[in-house]
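The chain contents come next:
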Amino acid sequence: MSSHDDAALFEQLLRPHLPRLFRLACRLTSSKVDADDLFQDVLTRLYPRLSELQNLEHAASWLARVMYNHFIDDQRRSARRRLRVVEESSLAGGSIEALGSTGDNLHGAVWREQIQTLDRALNMLSEEHRLVIMLHDAEGYKLKEIQEITGDPLGTIKSRLHRARARLREILPDDGTFL
């Protein structure tokens, strides 16, 4: 098979998974710039594994596992090199509020305030709790898929999800704004 054929097959196999994979990169890194880097690194590492990709039954969870492992490896390398200051970043534009731009200023302001409140609450969770709630509740991964991605036992994942939700209920306003 030629390199052109390989590239076409690679694109065909990955195209359905790219949006979800990029969202996972954004959620893991909390920065569009870092997410772009992580996403590109993972794609670069996946290309030589084309034959492996062809034989996968459940590519979505396998791809997420590859990305998660690469992210964790990068975090460990970075921690060994130096302490890093993490600045507040976004998935698009200047902040997370930029994601909810609507034509209705009042509705947009309320929506942005809710997003900011939720973002602050999520940042108050531990890394493990935030990851499991983002994978399950925001990205829609099933518990078994999260187990494949993180390598953690299913019981641990269930416990973390339960505790993360309970903690969010404690943190978030009890005014019916968040259900």
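Before reading further, recall that the structure is shown in the block above.
Please read all numbers here as calculations on a predicted model, not as lab measurements.

Conventions adopted
- Residues numbered from 1 in each chain as written.
- Predicted model: local features only at pLDDT ≥ 70, side-chain atom pairs only at ≥ 80, totals over all residues.
- Heavy atoms only, no water.
- Helix = DSSP H or I, 4+ residues; strand = E, 2+ residues; numbered from the N terminus.
- Core = buried A, V, L, I, M, F, W, Y, C linked by side-chain atoms within 4.5 Å.
- Buried < 20%, exposed > 50% of the residue type's maximum accessible area, 1.4 Å probe, protein only.
- Contact = heavy atoms within 4.5 Å.
- Expected span 1.5 Å × (residues − 1).
- Arc of directions from axis to C-beta.
- Phe/Tyr/Trp six-rings, centres within 6.5 Å; stacked < 30°, edge-to-face > 60°.
- Salt bridge = Lys/Arg side-chain N within 4 Å of Asp/Glu carboxyl O.
- Axes fitted to C-alpha atoms, helices over the stretch in contact; angles between N-to-C directions.
- Parallel < 35°, antiparallel > 145°, perpendicular 65-115°, else oblique.
- Left-handed = near helix turned anticlockwise from the far one by under 90°.
- Nonpolar A, V, L, I, M, F, W, Y, C, P; charged D, E, K, R; others polar.

Trainee: Hey, could you go over unusual backbone geometry for me, with residue numbers and the actual values?
Mentor: Not every positive phi belongs to a glycine, and Ser30 is a case in point at roughly 60°. By secondary structure assignment, the location of Ser30 is in the loop between α2 (18–29) and α3 (32–46).

Trainee: Give me the nonpolar core: which residues, what numbers.
Mentor: Core analysis: the biggest nonpolar cluster contains 40 residues, and Leu28, Leu46, Leu63, Met67 and Ile133 have the highest contact counts within it. Here Ile133 is in contact with Leu122, Leu125, Ala138, Leu161, Ala164, Arg165 and Leu168, once residues within four sequence places are set aside.

Trainee: Give a detailed account of α3, specifying residues and quantitative values.
Mentor: Each α-helix winds once per 3.6 residues, and so residues spaced three or four apart point in a common direction. Over its 15 residues, α3 runs 21 Å from end to end, which matches the ideal 21 Å to within 8%, given 1.5 Å per residue. Inspection of α3 places Ala35, Leu38, Phe39, Val42, Leu43 and Leu46 among the buried residues, and these make up the whole buried set. What you see down the axis of α3 is that its buried residues fit within an arc of 130°, all on one side. The outward face of α3, more than 90 degrees from its buried face, is lined by the exposed residues Val33 and Thr44.

Trainee: Residue-level account of the packing of aromatic side chains, with values.
Mentor: Given two aromatic rings, one states the distance between the centres and the angle between the planes to describe the pair. Applying the stated rule across the entire model yields two aromatic pairs. For the ring pair Phe10 and Tyr47, a centre distance of 5.0 Å and an interplane angle of 80° mean the geometry is edge-to-face. With Phe10 in helix α1 (residues 3–14) and Tyr47 in the loop between α3 and α4 (50–54), this residue pair connects regions lying 37 residues apart in the sequence. Ring centres of Phe22 and Phe39 lie 5.3 Å apart, and the angle between their planes is 85°; on these two criteria the pair is classed as edge-to-face. With Phe22 in helix α2 and Phe39 in helix α3, this pair connects stretches of sequence that are 17 residues apart. Since its relative accessible area comes to 22%, Phe22 is described here as partly exposed.

Trainee: Which residues make up the pattern of salt bridges, and what values go with them?
Mentor: Overall, the coordinates contain nine salt bridges when judged by the stated rule. Note that Arg27 is salt-bridged to Glu139, the shortest N-O span being 2.7 Å. In this pair, Arg27 sits in helix α2 while Glu139 sits in the loop between α7 (127–138) and α8 (143–150), placing the two residues 112 residues apart along the sequence. Classification of Arg27 by relative accessible area gives partly exposed; the value is 31%. A relative accessible area of 8% means that Glu139 is categorised as buried. Each of the salt bridges in this network shares a partner with another, and the network as a whole consists of Arg23, Arg27 and Glu139.

Trainee: Hey, could you go over the packing of α7 against α8 for me, with residue numbers and the actual values?
Mentor: Between two packed helices, both the angle of their axes relative to each other and the distance between the axes serve to describe the pair. Running from N to C, α7 and α8 cross one another at 135°; their axes reach a closest spacing of 10 Å. As summarised for this structure, α7 and α8 are arranged oblique, according to the angle between their axes. Here α7 runs over α8; the crossing is right-handed. On the side of α7, the interface is formed by Leu131, Val132, Leu135 and His136, while α8 contributes Leu143, Ile146, Ile149 and Thr150. Class assignment for the residues of the contact of α7 with α8 results in six nonpolar, two polar and no charged.

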